[in-house]
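Architecture and fold: a report
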Amino acid sequence: MRTPLRIGLHGHGWWAQRYLLPPLLASDEVEVRAVCGRDAGRAAAAARENGIPESFDDLDTMLETTELDALLIGSSPAAHPAAVAAAARRGLHVFCEKPLAGNAEDTARMVRDCAGVRTMVGFTQRWHPAVGTLRRLVVEGEIGEIRHLRYVTRAALSGDPSAPWTWRYDDAEYAYGVLSDLGPHAVDLVRWLGGEISSVSADAVTVVAERPDESGRPVPVRNWDDCTATLQLASGIRASVVLSRILPPTPHRRFHHELDVVGSRGTVTFTSDRPTEVVTGQGR
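Since we're looking at a predicted model, the values are computed, not measured.

Brief notes about the pattern of salt bridges
Inspection of every chain in the model, using the stated rule, returns 19 salt bridges. Across the salt bridge formed by R33 and E31, the nearest N and O atoms sit 3.7 Å from each other. Judged by relative accessible area, R33 falls into the partly exposed class, the value being 21%. A salt bridge links D260 to R150; its shortest N-O distance comes to 2.3 Å. With D260 in strand 13 (residues 255-263) and R150 in strand 7 (residues 146-155), the pair connects residues that are 110 residues apart, well separated along the chain. Using a relative accessible area of 14% as the deciding quantity, one classes D260 as buried. Residues joined by salt bridges that share partners form a network here, namely D60, E64, R89 and R90.

Concerning the packing of aromatic side chains
What the rule picks out here adds up to six aromatic pairs. With a centroid separation of 6.3 Å and 70° between ring planes, the pair formed by W14 and Y19 is classed as edge-to-face. With a relative accessible area of 34%, W14 lands in the partly exposed category. Ring centres 6.4 Å apart and planes at 85° place the aromatic pair W15 and F255 in the edge-to-face group.

Here we look at the packing of helix 6 (residues 129-139) against helix 8 (residues 183-194)
Describing two packed helices takes the angle between their axes plus the distance from one axis to the other. Two elements in contact, helix 6 and helix 8, have axes whose closest approach is 10 Å; the angle formed by their N-to-C orientations is 30°. In terms of axis orientation, helix 6 runs roughly parallel to helix 8. Packed against helix 6, whose contacting residues are V131, L134 and R135, the element helix 8 presents L189, W192 and L193 at the interface. By residue class, the composition of the contact of helix 6 with helix 8 is five nonpolar, no polar and one charged.

Re the sheet that holds strand 5 (residues 93-96)
Strand order in this open sheet of six strands is 3-2-1-4-5-6, and the pairing throughout is parallel. Whereas interior strands pair on both sides, the edge strands pair on one side only; in this sheet they are strand 3 (54-56) and strand 6 (119-121). Taken over all neighbouring pairs, the strand axes of this sheet differ in orientation by 20° on average, direction set aside. The pairing of strand 1 (residues 5-10) with strand 4 (residues 70-73) spans four bridges and is classified as parallel.

Observations concerning helix 4 (residues 80-89)
Counting buried positions along helix 4 yields eight of ten residues, so the element is predominantly enclosed. Where helix 4 is concerned, the buried positions are H80, P81, A83, V84, A85, A86, A87 and A88. Where helix 4 is buried, its residues meet strand 1, helix 3 (59-65), strand 4, strand 5 and helix 5 (104-113).

Thoughts on the sheet that holds strand 14 (residues 266-271)
Taken together, seven strands build an open sheet; the order of strands is 8-11-12-7-13-14-15 and the sheet is mixed. Bordering the open sheet on either side are strand 8 (197-205) and strand 15 (279-282), each of which pairs with just one other strand. Each neighbouring strand pair of the sheet contributes to a mean axis angle of 10°, computed without reference to strand direction. The pairing of strand 8 with strand 11 (residues 226-233) spans eight bridges and is antiparallel. Paired with D203 across the strands is T228, a residue of strand 11. Running over the sheet, helix 6 touches strand 7, strand 13, strand 14 and strand 15 and is turned about 170° from strand 14.

Side note on unusual backbone geometry
With an omega dihedral of -10°, the bond running from K98 to P99 counts as a cis peptide bond. Structurally, P99 is set in the loop between strand 5 and helix 5.

Some thoughts on the pairing of strand 12 (residues 238-244)
Alignment of strand 7 against strand 12, held across seven bridges, turns out to be parallel. Bridging across to strand 12, L149 finds its partner in A239. Pairing of strand 11 with strand 12, which is carried by seven bridges, proceeds in the antiparallel orientation. Across the sheet, L231 pairs through a bridge with A239, a residue of strand 12. Joining the antiparallel neighbours strand 11 and strand 12 is a turn of four residues, in which G236 adopts a positive phi near 100°.

Brief notes about the environment of S244
The residue S244 is located in strand 12 in this model. Separated by 90 residues in the primary sequence, S244 and R154 place their C-alpha atoms 4.7 Å from one another. Aside from chain neighbours lying at most four places away, what touches S244 is T153, R154, A155, V178, L182, D225 and D226. Polar contacts involving the side chain of S244 include one to the side chain of D226, which spans 3.0 Å.

What counts, and where the lines are drawn
- Residues numbered from 1 in each chain as written.
- Predicted model: local features only at pLDDT ≥ 70, side-chain atom pairs only at ≥ 80, totals over all residues.
- Heavy atoms only, no water.
- Salt bridge = Lys/Arg side-chain N within 4 Å of Asp/Glu carboxyl O.
- Buried < 20%, exposed > 50% of the residue type's maximum accessible area, 1.4 Å probe, protein only.
- Helix = DSSP H or I, 4+ residues; strand = E, 2+ residues; numbered from the N terminus.
- Phe/Tyr/Trp six-rings, centres within 6.5 Å; stacked < 30°, edge-to-face > 60°.
- Axes fitted to C-alpha atoms, helices over the stretch in contact; angles between N-to-C directions.
- Parallel < 35°, antiparallel > 145°, perpendicular 65-115°, else oblique.
- Contact = heavy atoms within 4.5 Å.
- Nonpolar A, V, L, I, M, F, W, Y, C, P; charged D, E, K, R; others polar.
- Pairing = 2+ DSSP bridges.
- Polar contact = N/O pair within 3.5 Å; in protein donor to acceptor, adjacent residues only side chain to side chain.

If you want it as structure tokens, here you go:
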């Protein structure tokens, strides 16, 4: 029987609790050994609630005192570069949520830091079965030569104007707001399906200009809520991307995604409203 991969978790917010931890805790191939967060009490509570043996409020201490094989980074973006470097220095494999960093220079340094260790970025849309089927149909030539890609992604993360100000509205954390948050998925899917991007034109706006802090005082939102972009690919393909974090919140929908690929002989489409289906259309 294979020895379980020993994993440390950096960051334990709602995304980690809802999407990262459940499959890890359900698997007999990995063992979550420790969790680290900025607040010792909250980190301890997260460890206790999820049956994780140890908790820390300092990443270096966790990495020095706990035997690990890999670090899973689900913390806020500003913490990613230092966390990646700390893991790579110790030869640990790295899974890091997107965006990797706030700028190209920091991102390039992270890539250099990780030479010699296995890495993965949290591009979750790649692992959706229907999106995988769509890509297979495109790669196998079912719709002919690609002419245009369209990707629309919306989230209810900021749909409530009265919701409080958080780090998501801080340009030191998310330099470009929704473009920093949902944009990496769009760029990844466009590159995955159509190849490298050669030029971009875009327009972005802040819809909710300020939000209340913990005391109720209004604080300016310092990044964008909504973005539309046109991408020219080196292959000649054009792509349209729409990103929005102001989807009206409902109990049943936090995210909505649409992906269309237009080819010379047909089309292939996916929408998260019908998550188990891929719709194809053939030309004459």
